[in-house]
Amino acid sequence: MPVSAFACRPGCAACCIAPSISSLGKPAGLACPHLDADLRCRLFGQPERPACCSGLQASFEMCGENREQALTWLADLENLTRP
């Protein structure tokens, strides 16, 4: 039986804020310039969407129980993997 996918939380966008996205020149902690007012990616499904974004899969570990947990987990990961 297949494992059901963890769905993104509407209005979260933690993965578009907490980590840096080098291909866009986006520093960690700042919102991606491609987020709209509803915190949705305007590049979603488009070929110009960075591979690091399209390859990211939501999970309970990353997303936690709420947006604040997701922001914290991703910020901690960013700090741990900083060169």
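Residues numbered from 1 in each chain as written. Predicted model: local features only at pLDDT ≥ 70, side-chain atom pairs only at ≥ 80, totals over all residues. Heavy atoms only, no water.

Peer 1: Could you give an account of the confidence of the model for the protein, naming the residues involved and the relevant values?
Peer 2: Averaged over all residues, the pLDDT of the protein equals 91, while 94% of them reach at least 70. When pLDDT is averaged over each helix and strand of the protein, the minimum, 92, is found for helix α1 (residues 51-54) and the maximum, 95, for helix α3 (residues 67-80). (pLDDT = per-residue confidence, 0-100. Helix = DSSP H or I, 4+ residues; strand = E, 2+ residues; numbered from the N terminus.)

Peer 1: Can you lay out the nonpolar core for me, pointing to particular residues and giving the numbers?
Peer 2: Counting 7 residues, the largest nonpolar core is built from C12, A14, A18, M62, C63, A70 and L74. Of all the secondary structure elements, the ones that give two or more residues to this core are α2 (60-63) and α3. Residue contacts for L74: discarding those within four places in its chain leaves A14, C15, A18, P19 and M62. Core analysis: the next-biggest nonpolar cluster, separate from the first, contains 5 residues, A13, C16, C32 and L35 among them. (Core = buried A, V, L, I, M, F, W, Y, C linked by side-chain atoms within 4.5 Å. Buried < 20%, exposed > 50% of the residue type's maximum accessible area, 1.4 Å probe, protein only. Contact = heavy atoms within 4.5 Å.)

Peer 1: Quick one: what's the story with the side chain of R49, residue by residue and with numbers?
Peer 2: With respect to the secondary-structure elements, R49 resides in the segment before α1. One buried charge, R49, has no salt-bridge partner; the nearest side chain with opposite charge is E48, at 10 Å. A distance of 3.5 Å separates a polar atom in the side chain of R49 from the backbone oxygen of C53. Excluding anything up to four places from it in sequence, R49 contacts C41, L43, F44 and S54. (Lys, Arg positive; Asp, Glu negative; His and termini not counted. Salt bridge = Lys/Arg side-chain N within 4 Å of Asp/Glu carboxyl O. Polar contact = N/O pair within 3.5 Å; in protein donor to acceptor, adjacent residues only side chain to side chain.)

Peer 1: For the state of the cysteines, give the residues involved together with the corresponding values.
Peer 2: According to the stated counting rule, one finds 0 disulfides in the structure shown. For C52, which is in no disulfide, the shortest distance to another cysteine sulfur is to C53 and amounts to 4.0 Å. What makes C52 partly exposed here is its relative accessible area of 45%. Given a relative accessible area of 18%, C53 falls into the buried group. (Disulfide = S-S within 2.5 Å.)

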